[in-house]
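Topology and contacts: notes
Chain by chain, the residues run as shown.
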Amino acid sequence: PAFSTLGPSPAPLAGASSQATTAAAGQRGVAVARQAAKEYWEGEWICADCGYIYNERAYSQKFEDLQAGFKCPMCSAPRRRFARKLGDKIG
């Protein structure tokens, strides 16, 4: 033969594959729990640059669900420039 073995090959660990499967299932469970626990800001979102207040009725979508390319319709500021509005305070 072209190669020789130096003894029997080691047996695979009995718990290794089940541990990997359990870990993967645990990660999926965490992701599902995060989606289920996703909370929405009930107040208004305001553009920090121009003061435009996002109206979720006009867009029929929650602010948190907007795509990354959303821009303020008044000043074209990116989505990251919006802040939560608390009464008269922004933050």
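Sequence order as written defines residue numbering, which begins from 1 separately in each chain. Given that the model is predicted, a residue must reach a pLDDT of at least 70 before its local features are reported, and side-chain atom pairs must reach 80 or more before they are shown or counted; all residues, however, enter totals for whole chains, interfaces and linings. The side-chain figures draw on all heavy atoms in the structure; neither hydrogens nor water molecules are used.

A few points about the overall build of the chain
Spelled out, the test is: By the criteria applied, helices consist of DSSP H or I runs no shorter than four residues and strands consist of E runs no shorter than two, each listed in order from the N terminus. The rule is simple: take the accessible area with a 1.4 Å probe, protein chains only, and divide by the maximum for that residue type; under 20% is buried, over 50% is exposed, in between is partly exposed. What makes two residues a contact is simply this: any of their non-hydrogen atoms within 4.5 Å. Every accessible area reported is derived by Shrake-Rupley at a probe size of 1.4 Å, with residue values counting cover from the shown protein chains alone.
From N to C terminus, the chain includes two helices and four strands. Helices and strands appear in the chain in the N-to-C order α-β-β-α-β-β. Every one of the 91 residues in the chain was classed for burial, and the buried ones make up 14%. Excluding contacts between residues fewer than 6 apart, the proportion of contacts in the chain whose partners are at least 24 apart in sequence is 46%. Here the chain displays about 7400 Å² of accessible surface, and carbon together with sulfur accounts for 55% of that area.

As for the confidence of the model for the chain
Our working rule: Note on scores: pLDDT gives the predictor's confidence for each residue, bounded by 0 and 100.
Mean pLDDT over the chain stands at 75; residues scoring 70 or higher make up 55%. For the chain, per-element mean pLDDT is lowest for helix α1 (residues 16-36), which scores 54, and highest for strand β2 (residues 53-54), which scores 93.

Topic: the packing of aromatic side chains
Operational definition: Side-chain rings of Phe, Tyr and Trp, where Trp is taken by its six-membered ring, are said to pair if the distance between their centres is within 6.5 Å; with planes under 30 degrees apart they count as stacked, over 60 as edge-to-face, and otherwise as tilted. Only when the NZ of Lys or the CZ of Arg is both within 6 Å of the ring centre and within 35 degrees of the ring normal is a charge said to sit over the ring.
Applying the stated criterion across every chain yields a total of eight aromatic pairs. Both rings, one in W45 and one in F63, keep their centres 4.4 Å apart while their planes meet at 20°; by these two values the pair is stacked. Of the two residues, W45 sits in strand β1 (residues 44-47) while F63 sits in the loop between α2 (56-59) and β3 (82-86), which places them 18 residues apart along the sequence. Like F63, W45 is buried. The ring of F63 has R79 lying over it, and the distance from NZ or CZ to the ring centre is 5.6 Å.

Concerning the pattern of salt bridges
Put simply, the rule is: Should a side-chain nitrogen of Lys or Arg be within 4 Å of a carboxyl oxygen of Asp or Glu, the pair is scored as a salt bridge.
On inspection of all chains with the given rule, the structure shows three salt bridges. Ionic pairing is found between E44 and K85, a salt bridge with its closest N-O pair at 3.5 Å. Of the two residues, E44 is situated in strand β1 and K85 in strand β3; the sequence distance between them amounts to 41 residues. On the basis of relative accessibility, which here comes to 38%, the residue E44 falls in the partly exposed class. On the basis of relative accessibility, which here comes to 23%, the residue K85 falls in the partly exposed class.

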